[in-house]
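Here are the chains, one letter per residue:
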Amino acid sequence: MSSPPIDRKTPALAARLRQLWPSGADKPPARGKGLGTFLGVFTPTVLTIIGVIMYMRFGWVVGNLGLTQTLLVVAMANSITLITALSFSAMATNTRVGVGGAYFIISRSLGLEIGGAIGLPLFLSQVFSVTLYAFGLAESFRILWSGLPLQPATLVIIVGVAALAFKGAKLALKSQLPIMGLIVLSLAALAAGVAWGERPAAELVLPADVSFWAVFAVFFPAVTGVMAGLGLSGDLRDPSRSIPRGALGATLVGFAIYLTVPVLLVLGADGETLRNDPLVWTRIAPLGALLVLPGLWGAIFSSAVGSMLNAPRTLQALATDHLAPRRLAETERQGGEPKVGLIVTLVIALGAVFLGDLNSVAVVVTIFFLTVYGMVNLVAALETLSGDTSWRPRIRVPGLVSLAGALGCFGVMFLISPIASGVAIGVEVLLWLLLQRKKHSADWGDARRDFYEALIRWALLRLARRPMTARNWRPHVLVFTEQLERELDLVRFAYGFSQGHGVLTVARLVVGDLLDDQLALQRQTQGMQRVLDQAGLSAFAEVNVVRSVEEGIIDVAQANGMAGLESNTVLLGWPNDRGKLVEQLRVMRRLERLNKSVVIGRARGSAFPREGQRRLIDVWWGGLQRNGDLMLLFAHLLTRSPLWRAGRIRVLSLASNELMQKETERSLARLLDESRIDAEVRVLLKAKEQGLKEIIAEQSGAAEAVLLGLATPAAGEEEAYAGRLVELVERLPTFFLVKNASLFVGELVGAPPTSAGPALPTTDAPPAP
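A. Up close: the overall build of the protein chain. When you go through the protein chain residue by residue, the secondary structure sums to 26 helices and 10 strands. Out of the 769 residues in the protein chain, the part that is buried amounts to 56%. Long-range contacts, defined here as pairs at least 24 residues apart, represent 84% of the contacts in the protein chain between residues at least 6 apart. Element-wise, carbon and sulfur atoms account for 57% of the exposed surface of the protein chain, whose accessible area totals about 32700 Å².

B. Here's a closer look at helix H24 (residues 658-675). The end-to-end C-alpha distance of H24 is 26 Å, a good match for the 26 Å that 18 residues give at a rise of 1.5 Å each. Buried residues along H24 sit against helix H23 (628-640), strand E7 (648-655) and strand E8 (680-685). Regarding H24, its N-cap is Asn 657, as a side-chain oxygen of that residue lies 3.2 Å from the backbone nitrogen of Leu 659 further along. Among the residues trailing H24, Arg 676 stands out with phi positive, at a value near 60°.

C. Expanded view of the pattern of salt bridges. Within the structure shown, the criterion is met by 13 salt bridges. Among the ionic pairs, Glu 272 bridges to Arg 275, the shortest N-O distance being 3.4 Å. Of this pair, Glu 272 and Arg 275 are both found in helix H11 (residues 271-276), 3 residues apart, which corresponds to roughly one turn of the helix. Residue Glu 272 is classed as partly exposed on the basis of its relative accessible area, which comes to 48%. A salt bridge links Glu 551 to Arg 590, with the nearest nitrogen and oxygen atoms 3.1 Å apart. Note that Glu 551 is positioned in helix H21 (residues 549-559) and Arg 590 in helix H22 (residues 578-593), a separation of 39 residues in sequence.

D. Representation of the packing of aromatic side chains within the structure. One pass over the structure, following the stated rule, counts 14 aromatic pairs. Between Phe 58 and Tyr 258 the ring centres are 5.6 Å apart and the planes differ by 65°, which places this aromatic pair in the edge-to-face class. One end of the pair, Phe 58, is in helix H3 (residues 58-94); the other, Tyr 258, is in helix H10 (residues 239-268), and 200 residues separate them in sequence. On the basis of relative accessibility, which here comes to 0%, the residue Phe 58 falls in the buried class. For the pair Phe 212 and Trp 213, a centre-to-centre distance of 5.1 Å together with 85° between the ring planes defines the contact as edge-to-face. Of the residues examined, Phe 212 reaches a relative accessible area of 18% and is grouped as buried. Three or more aromatic residues link up through ring pairs in this structure, and these residues are Phe 212, Trp 213, Phe 216 and Phe 220.

E. A nonpolar patch on the surface, seen in detail. Where nonpolar side chains cluster on the molecular surface, the patch consists of Phe 414, Ile 425, Val 429, Trp 432 and Leu 433 and spans about 410 Å² of accessible area. For the nonpolar patch, the leading source of residues is helix H17 (residues 418-436), giving 4 residues. Positionally, Ile 425 belongs in helix H17. Of the residues examined, Ile 425 reaches a relative accessible area of 33% and is grouped as partly exposed.

Analysis parameters
- Residues numbered from 1 in each chain as written.
- Predicted model: local features only at pLDDT ≥ 70, side-chain atom pairs only at ≥ 80, totals over all residues.
- Heavy atoms only, no water.
- Helix = DSSP H or I, 4+ residues; strand = E, 2+ residues; numbered from the N terminus.
- Buried < 20%, exposed > 50% of the residue type's maximum accessible area, 1.4 Å probe, protein only.
- Contact = heavy atoms within 4.5 Å.
- Areas by Shrake-Rupley, 256 points an atom, 1.4 Å probe, with all protein chains shown as cover.
- Expected span 1.5 Å × (residues − 1).
- Polar contact = N/O pair within 3.5 Å; in protein donor to acceptor, adjacent residues only side chain to side chain.
- Salt bridge = Lys/Arg side-chain N within 4 Å of Asp/Glu carboxyl O.
- Phe/Tyr/Trp six-rings, centres within 6.5 Å; stacked < 30°, edge-to-face > 60°.
- Patch = residues over 30% accessible without salt bridge, like charges linked within 9 Å, V, L, I, M, F, W, Y side chains within 5 Å.

No statement about biological role is implied by the geometric values presented.
Here it is in structure tokens:
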């Protein structure tokens, strides 16, 4: 036997927004104004939980599963919603939940992009819920009036519900009090029918015609009204007090009723009747339809009213956060009804009537609500597990409990409908991607930072316990710049050297006193970060006050990074005068003691190619200083970056005779094969009368990047060595001089024997790699 259509019970979510908005729209209502716990939270929540499925599907559930498994279904479903109620109650006692309810919680904890991705489909789901409930109410009227035209009746019901909502939330909620009375009357009638009616033979375990999970999927929407009161958070007099009391009270009352009704149904009807008669209540209760149907109609009507109240508030909240047209947030007065949003909701709900069969839409509506519940539980779990110091709720829920609630919500989604779940998640991911492209400013912190910090701490503690090896080594580059806008190409090369996976820091040194102008330093840092972001470079900017540039480089290099993520490579720009180059060479000697490699480079002209354009990278190999492994690695990583992906690497070396030439070619070819680096090898015969700088200029003058090795000059010889460097690179537009001082000198890719190439004469040039 196939399961009947699932009658969805939409939770009444909500939303006017912004606790922190300067307009004051989220300020608490003045004392004496606003809704209290009973009318503002308990009533809408319990009326949304106690709904159509209890009247028209509970008998079918009991008839297919029997009493024992039905009670298990009730306990499992209510445990998920109870955890959800505990999660958002904890948040309500930690900080004031502003207008917007669940949307407020998600957007303030996970950001506007995720909040918008959930909030926009949530609004549409609430609107469609109005139409769905109106259809259900019109269909139920056919019990007494079989010829009732369905679509016209639905339109009239929607207009009536909207007219009630236009009068204000307080009046609309007061109208639900008689409905609660009708529901209580119907429950009393069921109990009376069981007590004084004719009882069938006891059937505590009934034959199951459908699977347990199929029945669970039919029943679960009955308990998804737990956030109805949360949706009216902006209308509450004291949200932090009313939300936990009203929501938890309504959830527990609903749980108790759902544990009682199956027992009454088993005692009041046989299994065949329970499975096949949707209106079995009217057979058990005295006076039948007279006492039961008003409760059924009231349950459907109250759900429609709840959705009509909450949909425009969700839209208003989105508009306040600039995720919808601003005019939709307008009200006639502070705390008044969002009349424009109500009109939009009414128009869409009326239009949805002409879609005809909304059964498939009903499934997606429920799935969207479940994503909201799951995200609220996830937010509570992240707040707790991340160790957020501002997380101090009066109701404490263990993080693992909230996480279990989130997993339960997402699991139930796929139990109800894998296809609808995929559609809902796909829509939300698409909205998130679209919202990510827009810049949304917010003046509040969110839980994402706390979660990232907790995750980083967890990773760093474990990273510190793992030994560093050549296999794991990657460049974490610290770049020193004087004027970032002019040296962006240098930073781009640093980004390429780390392949975008290492930690890249761009530092500027300011010589002076730290007490001079701290705010100016913050503005400079923010300005540098903007330049990096606009250039598409994932890097950290910082400005440091130092007493001298030379000492500042050492101090900043020592302090940069932590716990295995320290900078291991320092990149310095090519200076304009020889004196500064001498300073850099002195700094290099000290950085070498810190096991930090040093790169001195210049990027001139159109250093970066257009995508797909083939460019040449030359690596000059010598072997004496064992810099070649790092230069090869830099060249390889550079070709892995998007703009240099079509780059070609040449490894060049010099030999004094043909025998040495062939031996060097074999050694370099073996090295490249073992290191899995694609490069061309060229070993040149050097004539005695040829100068090194002329050879390099001739061979690499047209290369887009040239990598050369650096030696460490002895103390007092920096001036002479700087002179030879200036002569060597004067005809190269873009070059990098590399000193490998890492812990893996000569071992990163396995350096060939020193016979792989002669040392470049120190009289003509710096020692070769």
